[in-house]
Number of protein chains: 2
Amino acid sequence: MPEKLYELDERKQRVLKAVIDDYIESAEPVGSRALARKHDLGVSPATIRNEMADLEMLGYLQHLHTSSGRVPSSKGYRFYVDGLIPPKPVSDEEKALIDRWYKSRVQRIDQVFEETARLISAITKNVSLVLAPQMTQAQFRCLQFLPLDARRVITVLMTDAGFIENKILEMPDGAEFEDFQRMAAVINENLAGHTLKSIEHHALAQIRDEIRDEGLYDSALSIIQRALDSGKQERLYLGGTTKMLEQPEYHDVEKVKHMLMTLEEEELMKDILRAHIGDGLEVTIGQENEDSHFKDSSIITATYHLDGELLGTIAVLGPTRMEYAKAMSLLEYMNNNLTNVIKRFHW
Amino acid sequence: MPEKLYELDERKQRVLKAVIDDYIESAEPVGSRALARKHDLGVSPATIRNEMADLEMLGYLQHLHTSSGRVPSSKGYRFYVDGLIPPKPVSDEEKALIDRWYKSRVQRIDQVFEETARLISAITKNVSLVLAPQMTQAQFRCLQFLPLDARRVITVLMTDAGFIENKILEMPDGAEFEDFQRMAAVINENLAGHTLKSIEHHALAQIRDEIRDEGLYDSALSIIQRALDSGKQERLYLGGTTKMLEQPEYHDVEKVKHMLMTLEEEELMKDILRAHIGDGLEVTIGQENEDSHFKDSSIITATYHLDGELLGTIAVLGPTRMEYAKAMSLLEYMNNNLTNVIKRFHW
DNA sequence: TTTAGCACTCATCTTTTAAGAGTGCTAACA
DNA sequence: TGTTAGCACTCTTAAAAGATGAGTGCTAAA
């Protein structure tokens, strides 16, 4: 009996899909009559009622209270996403919108990430997250020191992909600015072209011989180390905190406040994205989320790679009632765009 | 008769002040009975009623509908701010909170502005705006070109105050990257120490003689010009979009959406700040705002200067029912802090 | 000039009523 | 045996109807 093998026979799947499609669109609990009217399932409301009762028994649907329509459960969405989801490619207008921007002149690299987040949330009407790549794989180009005052220097790190990080650092006691300048010259000469990662691991030691003064080497090493570290920081770009207000789920100010406060915790959000990193698209639905803040949200993540190396993650975050199909294909599309841009910058 | 001279006799002023104080605190229309109970005005509710009726006649108070308490009008707030406002200095805890941050290590200059915005909104529970200084007065330190691909270069501009701006620019046809590098060398040698403003006006022309090739000079000039222009851009930092939800005025999602969408229009907001620039603290109340989006908001701005030159503006934006006294003294305090930090960076 | 008293107005809260959507169950039907 | 019509019942939501109470404005007395 196929029913036991798959748990859901074909008609139950059709009903489940219809319920979810409907609910995603209307945000209202769906009842048997409306379902029979809209979707042409070929059976009467009574039959649908029976099926829905079964689906509820099996945990795919939920009743809010006796007598109001059904709402999908996390398990229901999961089944839907894994098997029933109708493909919904990015529309041509949306593609045009995206491509137009990606073709326009970019003035700073971080604008790419900012705008990616903005586009995703504009199209999905949900919050978007873009975790910008660590630069461990970027090739070191040069390091510059600029004196700020007697005790502090500005360090500027550039990589070949055009990423620029600057940071104010305190000089160790006794160190002279000129020493750093000399160090920088040595470093720039020796390490250009190495990846930041390899500099950390091997190359820094190699240039040790070049420097005569042992004490200077140690103190300089630490500050250079910190300068290089700044390149390994991941930046998080957030978009669509205004757009999410269009979702009926956030028509309650308390919920909005709660969500915004959670989103403001940058480290938490980064951790969540990092935890969700998968091979391609990864969908985490409602209860599946570990973090209690997101038990009734879904997160779709896509990671982008270059030459097998993980670069970063983009994500859509919204209520479990989300246009999964659309969000998924959009993320895929943006992912390609982003990878291409980054590749282009790497040339 | 002093009544006619000042329009409001002393008791009317006391009543007005009491009404506004009360309303700012409670966000509820205030009635005569409650007023008589809380504030010790020494007269009966009936008298207060008469006074309030007069104040309404004169335009200082408003009736929402017959029979509910009074609410201050823009004119009422204006009188309050200009003369009745009780001084409310920044509390010691707040000062400690602020000073703690300002003393901590800053890693990038823009963090100063970001954090200033964050602190202002955390304390006032309102939206804050920080317009970071143009760098026209900053001294040029150096300009660097980095090749990005065949047609584009990254330009990095640094000033003595540690501001760093980077920008991707397209090279004019026929120009070679090496040319720019040579140009940069000439420029860096000749223009270090000049202000960006003076470079624009005079100095660029002066170095013309140094460059032999006329065609190169022209094309290089344009790109350098654009690089320098990036230093003149004003950046706007926004804070407290989450904090503002604590105000009862924004307990309605539609209003929140509307406000957030307006705030997202960066150029509009910059224009508003620029228009409000005054000598010191400037308060614009409700109807006084030119922009229709802010007819029921108040904006308090403070501008910070250095050596007589305008640097930027910080502002609090909130509903007309706002703790003016607190916001004003806070802005003043932050203004000093910010000026000091910038001065320190200029050293 | 101040105040007490009183009628009147509204917003708001609560209760009531009505309508409607939806369910679950039973019994009939193919 | 699966499907469907019918029907009683539940529960939300919207509208209507009172009830409450804060607040006003006016008048007349102190």
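All of these numbers come straight from a predicted model, not from anything done at the bench. (Residues numbered from 1 in each chain as written. Chains lettered and ligands numbered in written order. Predicted model: local features only at pLDDT ≥ 70, side-chain atom pairs only at ≥ 80, totals over all residues. Heavy atoms only, no water.)

## Observations regarding the sheet that holds strand β5 (residues 152-159) of chain A
Hydrogen bonds between backbone groups are what pair the strands of a sheet, and the pairing can be parallel or antiparallel. Residue and element names in this part refer to chain A. The antiparallel open sheet is built from 3 strands, whose spatial order is β4-β5-β6. Either end of the sheet is taken by a strand with one partner, and the two such strands are β4 (140-147) and β6 (164-170). For this sheet the average axis-to-axis angle between neighbouring strands, irrespective of direction, equals 20°. When β4 meets β5, the two strands line up antiparallel, connected through 7 bridges. Bridged to Gln144 within β5 is Val156. This element, helix α8 (residues 177-191), spans β4 and β5 of the sheet and lies at about 170° to β4. (Pairing = 2+ DSSP bridges. Helix = DSSP H or I, 4+ residues; strand = E, 2+ residues; numbered from the N terminus. Axes fitted to C-alpha atoms, helices over the stretch in contact; angles between N-to-C directions. Contact = heavy atoms within 4.5 Å.)

## Some points on the packing of helix α2 (residues 10-26) of chain B against helix α5 (residues 74-84) of chain B
All names here are of chain B. Their axes nearest at 10 Å, the elements α2 and α5 cross at an angle of 105°. The pairing of α2 with α5 is recorded here as roughly perpendicular in orientation. The segment α2 lies against α5, with Gln13, Leu16, Lys17, Ile20, Asp21, Tyr23 and Ile24 engaging Gly76, Tyr77, Phe79, Tyr80 and Leu84. Partitioned by chemical class, the residues of the contact of α2 with α5 number 8 nonpolar, 2 polar and 2 charged. (Parallel < 35°, antiparallel > 145°, perpendicular 65-115°, else oblique. Nonpolar A, V, L, I, M, F, W, Y, C, P; charged D, E, K, R; others polar.)

## Section: the side chain of Ser298(A)
With respect to the helices, strands and loops of the structure, Ser298(A) is situated in strand β9 (residues 297-306). Among the polar contacts listed, one links the side chain of Ser298(A) to the side chain of Tyr324(A), at a separation of 2.7 Å. (Polar contact = N/O pair within 3.5 Å; in protein donor to acceptor, adjacent residues only side chain to side chain.)

## Quick look at the relation of the copies chain A and chain B
When chain A is fitted onto chain B, the two copies agree to an RMSD of 0.1 Å after a turn of 180° and an axial shift of 0.0 Å. What the superposition gives is, in effect, a two-fold axis relating one chain to the other. For chain A, the residue whose C-alpha comes nearest the rotation axis is Val253(A), separated from it by 3.1 Å. A shared interface surface links the copies, since 97% of the contact residues of chain A are contact residues in chain B too. (Least-squares fit on C-alpha atoms with pLDDT ≥ 70 in both.)

## A few points about the protein's contact with DNA strand D
Near DNA strand D you find 19 residues, and of these Arg11(A), Thr47(A), Thr66(A), Ser67(A) and Ser32(B) are the closest. Arg11(A) places a polar side-chain atom, nitrogen or oxygen, 2.7 Å from a phosphate oxygen of DNA strand D. At the level of elements, α4 (45-57) of chain A together with α4 (45-57) of chain B are the ones that each hand at least two residues to the surface near DNA strand D. Looking at the surface near DNA strand D, the element that brings in the most residues is α4(A), giving 4 residues. Its residues placed into classes, the surface near DNA strand D shows 3 nonpolar, 12 polar and 4 charged. (Near = heavy atom within 4 Å.)

## Some remarks on unusual backbone geometry
Of note in the backbone geometry, Ala27(A) takes a positive phi value of approximately 65° without being a glycine. Summarising the element assignment, Ala27(A) is placed in the loop between α2 (10-26) and α3 (32-38).

## Quick word on the nonpolar core
Core analysis: the biggest nonpolar cluster contains 178 residues, and Phe113(A), Tyr324(A), Phe113(B) and Tyr324(B) have the highest contact counts within it. The contacts of Phe113(B), once residues within four sequence positions are left out, are Val130(B), Ala132(B), Pro133(B), Phe163(B), Tyr237(B), Tyr304(B), Leu338(B) and Ile342(B). (Core = buried A, V, L, I, M, F, W, Y, C linked by side-chain atoms within 4.5 Å. Buried < 20%, exposed > 50% of the residue type's maximum accessible area, 1.4 Å probe, protein only.)

## Things to note about the packing of helix α11 (residues 253-264) of chain B against helix α12 (residues 266-275) of chain B
Residue and element names in this part refer to chain B. Closest axis-to-axis distance for the α11/α12 pair is 5 Å, and the angle between their directions is 80°. One way to sum up the angle between α11 and α12 is to call them roughly perpendicular. Here Thr262, Leu263 and Glu264 of α11 lie close against α12, whose contacting residues are Glu266, Leu268 and Met269. Taken together, the residues of the contact of α11 with α12 sort by class into 3 nonpolar, 1 polar and 2 charged.

## Some remarks on the interface of chain A and chain B
Contacts between chain A and chain B engage 39 residues on the former and 38 residues on the latter. Across the chain A/chain B interface, buried area totals approximately 3,700 Å², and carbon plus sulfur atoms make up 59% of it. Sorting the residues of chain A by area buried against chain B places Gln107(A), Thr242(A) and Val253(A) first, and these three jointly supply 15% of that buried surface. At the boundary of chain A and chain B, one finds 0 salt bridges. At the junction of chain A and chain B, the tally comes to 2 residue pairs in polar contact (both at pLDDT 80 or more). (Buried area = accessible area lost by both parts, 1.4 Å probe. Salt bridge = Lys/Arg side-chain N within 4 Å of Asp/Glu carboxyl O.)

## Some words on the sheet that holds strand β3 (residues 127-131) of chain A
All names here are of chain A. Strand order in this open sheet of 5 strands is β7-β3-β10-β9-β8, and the pairing throughout is antiparallel. Here the strands that pair on one side only, and so sit at the sheet edges, are β7 (236-239) and β8 (281-285). The sheet shows a mean angle of 15° between the axes of neighbouring strands, taken without regard to direction. Sheet topology places β8 next to β9; 5 bridges connect them, and they run antiparallel.

## A short note on the protein's contact with DNA strand C
As a structural note, the neighbourhood of DNA strand C is formed by 18 residues, with Ser32(A), Met52(A), Arg11(B), Thr47(B) and Ser67(B) the closest of them. Of all DNA strand C atoms lying within 4 Å of any protein atom, the proportion belonging to sugar or phosphate reaches 77%. Between DNA strand C and Thr66(B) there is a distance of 3.0 Å, counted from a phosphate oxygen to a side-chain nitrogen or oxygen. If you list the elements that add at least two residues to the surface near DNA strand C, you get α4 of chain A together with α4 of chain B. With 4 residues, the single largest contributor to the surface near DNA strand C is α4(B). Residue classes in the surface near DNA strand C are distributed as 3 nonpolar, 11 polar and 4 charged.

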